[in-house]
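Reading the structure
Residues per chain are reported as follows:
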Amino acid sequence: MNIRLRESEPKRILIVNRGEIASRVAKACRELGHTAVGIFTDNEMNAAHLEFCDEWIHMKGSTNAETYLNVEGLLKIIKDNNIDGVHPGYGFLSENGAFAKTLEKEGVAFIGPHAEAIRVMGDKATSKALARDAGVPVVPGTAEAVPTVEKALEVAQEIGYPVLLKAVAGGGGRGMRACLNDEEVKAQFEAVGREAVSAFGNGDLLVEKLIVNPHHIEVQIMADKNGNVFHFYERECSIQRRHQKIVEEAPSPFIGEDEELRKRICDTAVKLAKAVNYDSAGTVEFIMGEDKNFYFLEMNTRIQVEHPITEEITGADLIICMIQSAFGEDLQIPSQEWIKKTGHAIECRICAEDPITMLPAPGKVTGFETNFPQGVRFDHCLYRGLDVTPDFDPMVGKLVAKGLVRDVAIRKMRAALDGLYIEGLKNNIPLHKVIMDEEEFREGSYTTDYIKKVAPQERINTDVDFGSVYKKLAAAEARNMGM
Amino acid sequence: MRSYLIDSEQNEYIVDLRKTIKHSSELVEFEFSTIEDNKVVDSKNVFIRKLAGNYYCSFDNKAWRKLARQHVPKKLLNVDRVFDLYRGYKPSGLSSGASGDLLTQMPGKIVKINVKEGDTVEAGDCVLILEAMKMENEIKTSIGGTVKTIHVSEGDALDSGVLMMEIE
């Protein structure tokens, strides 16, 4: 294939994404000597993600359909700009098998897995069937979409409540609802289906058993085109709201010192990746019950939001590995034994949302400043004047802190949160502060219902802080005085 | 100068800047107090110093913390509340709508309207669904009554603070 012939040449890489991940990919391109080509749309004229891109392309339009999801328009850009490879980031086209296939046909590298892996893993029913065949344990439930609410009720009664209604094409926690009884299934069936249609263009739903007191544990996989599959240990992402992660850590405090269990779950993930001839970065998600039995949930065939914590504990650069793999190059990893983990890393997702209700709160950043302790990583797209619009996901940054032991990582994160100032935009920093101080989190014994059960959001002090109001007014006055 | 901080629920705080002392071109001291019912309920001095292009602030001129530099803010954030800031004047005509008026709390798109004009609803009923940031939010009525007017239709993209529906 002509891609391999140009193996050692600098490539031109189009980044079809925005925000912090676009910057992250551009940095990797720079390091490898490739040219990073970034996109910006009509309402992103000041896009901060272009800062690290070498070339900028304006894509007309403001809706996702006109821009980041516009395959026709992107193909034209790819042709006009002699693009060799496309990195989709996460979200948008990252798990769109048809797009990956189109690029394959055009002789352009899709920086992600091959189209067939995306197709198989993108469908919950087929991925579950494949896992079952590969000897990977799966959660009891329907293997195929349930067509009607009556059928859903029948299945739910058979496997027993509580059950989960899930969109076949869903991901990232969208299109998923827990139901405790018949009434809830009846009430939610239509809504989940509608959400699935609007978000993924496919309204098919699955019904499966809900694991009680579960931990969400996922294994980072990286593979190349020569059949080498490596794991980069696990992450625990049990702190979630609306089934979306807000705090992640690596390694999992629930697995803790149980190296035998750690090896078993990581090897299981590698086995599954090998079963689909996986050839890029991916994440195998498991649900682990109180009894430490784990079941395969899904495989995300893309780089994930929380990949930095894995990079922090292993020292690997996963984006660089993805780019190397896509062009058929060596990952520069001699063997699995070379991938060691040290210490503990925590990530807090900084989102433009109300810290108590956790509902999205679009707005404008009127001030932004950082004053971090040593060694903190902040992947973000913030700047003074940034407009966070309701068109996109509310996440604006990822704060990552590392320590040799977990307690040190927590202490560093707490100090980092104190040194992160975002003005004008409601954000969840107050929530993260409470979580870092909260006992169950500090013990590391939390489960996926942490937000519901422990309710750290209810401990946030909302009294008006006059001191802080004076500070802000004083700063404005000082500025007015020409200081 | 007097400042008025008013949030979306019409809670109001009055903050007075009583005194400004310019110690040097890099250090200024301000005396602020908060007024409630014509009484001073809180008062503090704030020092602002510029260092290497950044603003630092202190309450005692000893311990300093960095500040996020802002243009004169029109909004002030306090954990879960965003206050509109009016410097030097109090805006008139700010009245909270009747409790049967449904206003958008965030920008979003109407996905579904569950009622029609003339329908009878009960408090807590989900009357419409608003999609914002890829999430569906059920908008519930806080009072029971009759749907008087619906100002929006399915598919509408709305700003924050838009009147969607009136219930009597």
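A brief structural summary. (Residues numbered from 1 in each chain as written. Chains lettered and ligands numbered in written order. Predicted model: local features only at pLDDT ≥ 70, side-chain atom pairs only at ≥ 80, totals over all residues. Heavy atoms only, no water.)

**Quick notes on the overall build of chain B**
Looking only at helices and strands, chain B features 0 helices and 16 strands. The burial tally for chain B puts 43% of its 168 residues in the buried class. A fraction of 39% describes how many contacts in chain B between residues 6 or more apart in sequence connect residues 24 or more apart. Per element, the accessible surface of chain B, about 9,000 Å² overall, is 45% carbon and sulfur. Considering chain B, the positive charge centre built from 23 side chains and the negative charge centre built from 26 side chains are found 13 Å apart. (Helix = DSSP H or I, 4+ residues; strand = E, 2+ residues; numbered from the N terminus. Buried < 20%, exposed > 50% of the residue type's maximum accessible area, 1.4 Å probe, protein only. Contact = heavy atoms within 4.5 Å. Areas by Shrake-Rupley, 256 points an atom, 1.4 Å probe, with all protein chains shown as cover. Lys, Arg positive; Asp, Glu negative; His and termini not counted. Charge placed at Lys NZ, Arg CZ, Asp CG, Glu CD.)

**Considering the overall build of chain A**
The number of helices and strands found in chain A is 16 helices and 20 strands. Each of the three principal axes of chain A carries a C-alpha extent, and together these read 70 × 55 × 45 Å. Counting across all 483 residues of chain A, residues that qualify as buried make up 60%. Pairs at least 24 residues apart make up 66% of the contacts formed inside chain A by residues separated by at least 6 positions. When the accessible surface of chain A is split by element, carbon and sulfur atoms take 49% of a total near 18,400 Å². Seen as two clouds, the 57 positive and the 74 negative side-chain charges of chain A have centres 2 Å apart.

**Digging into the sheet that holds strand E14 (residues 145-150) of chain B**
Residues and elements named next belong to chain B. As summarised here, the arrangement of the 4 strands in space is E9-E16-E14-E11, forming an open sheet in which the pairing is antiparallel. Taken across any chain shown, the strands that pair with only one partner, and hence form the sheet edges, are strand E9 (101-103) and strand E11 (120-121). As paired strands, E14 and strand E16 (residues 163-167) are joined by 3 bridges and run antiparallel to one another. The partner of isoleucine 150 across the bridge, within E16, is methionine 165. (Pairing = 2+ DSSP bridges.)

**Quick look at the interface of chain B and chain A**
Facing 57 residues of chain B, the contacting portion of chain A comprises 58 residues. In total, about 5,200 Å² of surface goes out of reach between chain B and chain A, with carbon and sulfur atoms giving 64% of it. Among the residues chain B hides against chain A, the three largest losses belong to Gln70, Leu77 and Met133 of chain B. Together they make up 15% of the total. On the surface where chain B and chain A come into contact, there are 3 salt bridges. Glutamate 369 of chain A is the salt-bridge partner of lysine 66 of chain B, the closest N and O atoms lying 3.6 Å from each other. Where chain B meets chain A, there are 12 residue pairs in polar contact (both at pLDDT 80 or more). No other element matches the 7 residues that strand E4 (residues 39-51) of chain B contributes to the side of chain B that touches chain A. Considering only residue class, the side of chain B that touches chain A consists of 30 nonpolar, 11 polar and 16 charged. (Buried area = accessible area lost by both parts, 1.4 Å probe. Salt bridge = Lys/Arg side-chain N within 4 Å of Asp/Glu carboxyl O. Polar contact = N/O pair within 3.5 Å; in protein donor to acceptor, adjacent residues only side chain to side chain. Nonpolar A, V, L, I, M, F, W, Y, C, P; charged D, E, K, R; others polar.)

**A closer look at the nonpolar core**
Residues and elements named next belong to chain A. Within the largest apolar cluster, 39 residues are counted, with the highest numbers of intra-cluster contacts made by Ile350, Ile435, Met436 and Phe441. Broken down by secondary-structure element, the contributors of at least two residues to this core are strand E11 (244-250), strand E14 (344-351), strand E19 (395-403), helix H12 (406-418), strand E20 (420-423), helix H13 (429-437) and helix H15 (450-453). In terms of nonpolar packing, the next biggest core, distinct from the first, is built from 34 residues, Ala109, Val305, Ala326 and Phe327 among them. (Core = buried A, V, L, I, M, F, W, Y, C linked by side-chain atoms within 4.5 Å.)

**Here we look at the state of the cysteines**
If you walk through the whole model with that rule in mind, you get 0 disulfides over all chains. You can see cysteine 266 of chain A has no disulfide; the closest cysteine sulfur is in cysteine 237 of chain A, sitting 13 Å from it. (Disulfide = S-S within 2.5 Å.)

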